[in-house]
Amino acid sequence: GAGVSQSPSNKVTEKGKDVELRCDPISGHTALYWYRQRLGQGLEFLIYFQGNSAPDKSGLPSDRFSAERTGESVSTLTIQRTQQEDSAVYLCASMTGPSYNEQFFGPGTRLTVL
Amino acid sequence: GQSLEQPSEVTAVEGAIVQINCTYQTSGFYGLSWYQQHDGGAPTFLSYNALDGLEETGRFSSFLSRSDSYGYLLLQELQMKDSASYFCALKGGGATNKLIFGTGTLLAVQP
């Protein structure tokens, strides 16, 4: 079946511009996560959605970052007024539900801020 | 907060056994996961330990000791394709199911 998909695969933008990243989770997966991975580093948790519950936004690094998810479908991560330090790969993952353990990752969006 | 530490790099030869350690600090968690990530690729799930002890999945085994705040991933019969980064991750803690990832270990398998 289809896995997690993300778009765009690559995004180059100028400092100060806004960007929107999209994640399509595996159908039926109620849990959705966003992570940031800087070059050569580990994955940094950003935000977690579980069904219709209030999202866990504890990992968002600043108020320039926001994310939305409608129900159990597509999620978008928006970065406003991008800075060079926002350059990274943004990974999305989905999971069947909170009692499961395996997260399925998408291929990521590589964001480069010039 | 939560933090996990791993060795940055490990080198081993094809056919050998290698152990990748993970030490953590946390006030509470549900379990410890391991993920593999090839260069430029997406992380893929390897194993999960909810309880202390050893979990075996083919050539890979994972171990957890809550009393020692320690876990490890054991890879047997190493193959060249095992060259990748390996991450441990704590699941949950508090009211969330988020994963907090370790710093990652780059495994280089040499012929």
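Let me begin by describing the structure that accompanies this report. Computed from a predicted structure; not experimentally measured.

## Considerations on the side chain of Q103 of chain A
Looking at where Q103 of chain A falls in the secondary structure, it is placed in the loop between β8 (88-95) and β9 (104-105). The exposure class of Q103 of chain A is buried, given its relative accessible area of 2%. The contact partners of Q103 of chain A, leaving out residues within four places of it in the chain, are Y33, Y35, A93, S94 and M95 of chain A together with Y35, F45, N97 and L99 of chain B.

## Description of the interface of chain B and chain A
Taken together, the contact pairs 17 residues of chain B with 20 residues of chain A. For the pair chain B and chain A, the two sides together bury roughly 1500 Å², of which 55% comes from carbon and sulfur. Sorting the residues of chain B by area buried against chain A places N97, K98 and F101 of chain B first, and these three jointly supply 30% of that buried surface. Here chain B is connected to chain A by one salt bridge. Two residues, K98 of chain B and D56 of chain A, come together in a salt bridge whose shortest N-O distance is 4.0 Å. One can count five residue pairs in polar contact (both at pLDDT 80 or more) joining chain B with chain A. Class assignment of the residues belonging to the side of chain B that touches chain A gives a composition of nine nonpolar, six polar and two charged.

## Some words on the state of the cysteines
If you walk through the whole model with that rule in mind, you get two disulfides over all chains. One disulfide bridge connects C23 of chain A with C92 of chain A, the sulfur atoms lying 1.8 Å from each other. Judged by the torsion about the S-S bond (-60°), the C23 of chain A/C92 of chain A disulfide is left-handed. Taken as a pair, C23 of chain A in strand β3 (residues 19-24) and C92 of chain A in strand β8 lie far apart in primary sequence, 69 residues in all. According to the relative accessible area criterion, C23 of chain A is buried, its value standing at 0%. Classification of C92 of chain A by relative accessible area gives buried; the value is 0%. The partner cysteine of C22 of chain B in its disulfide is C88 of chain B, sulfur to sulfur 2.1 Å. Residues C22 of chain B and C88 of chain B are joined by a disulfide whose S-S torsion is about 80°; by sign, that bridge is right-handed. With C22 of chain B in strand β3 (residues 18-25) and C88 of chain B in strand β9 (residues 84-91), the pair connects residues that are 66 residues apart, well separated along the chain.

Calculation rules
- Residues numbered from 1 in each chain as written.
- Chains lettered and ligands numbered in written order.
- Predicted model: local features only at pLDDT ≥ 70, side-chain atom pairs only at ≥ 80, totals over all residues.
- Heavy atoms only, no water.
- Helix = DSSP H or I, 4+ residues; strand = E, 2+ residues; numbered from the N terminus.
- Buried < 20%, exposed > 50% of the residue type's maximum accessible area, 1.4 Å probe, protein only.
- Contact = heavy atoms within 4.5 Å.
- Buried area = accessible area lost by both parts, 1.4 Å probe.
- Salt bridge = Lys/Arg side-chain N within 4 Å of Asp/Glu carboxyl O.
- Polar contact = N/O pair within 3.5 Å; in protein donor to acceptor, adjacent residues only side chain to side chain.
- Nonpolar A, V, L, I, M, F, W, Y, C, P; charged D, E, K, R; others polar.
- Disulfide = S-S within 2.5 Å.

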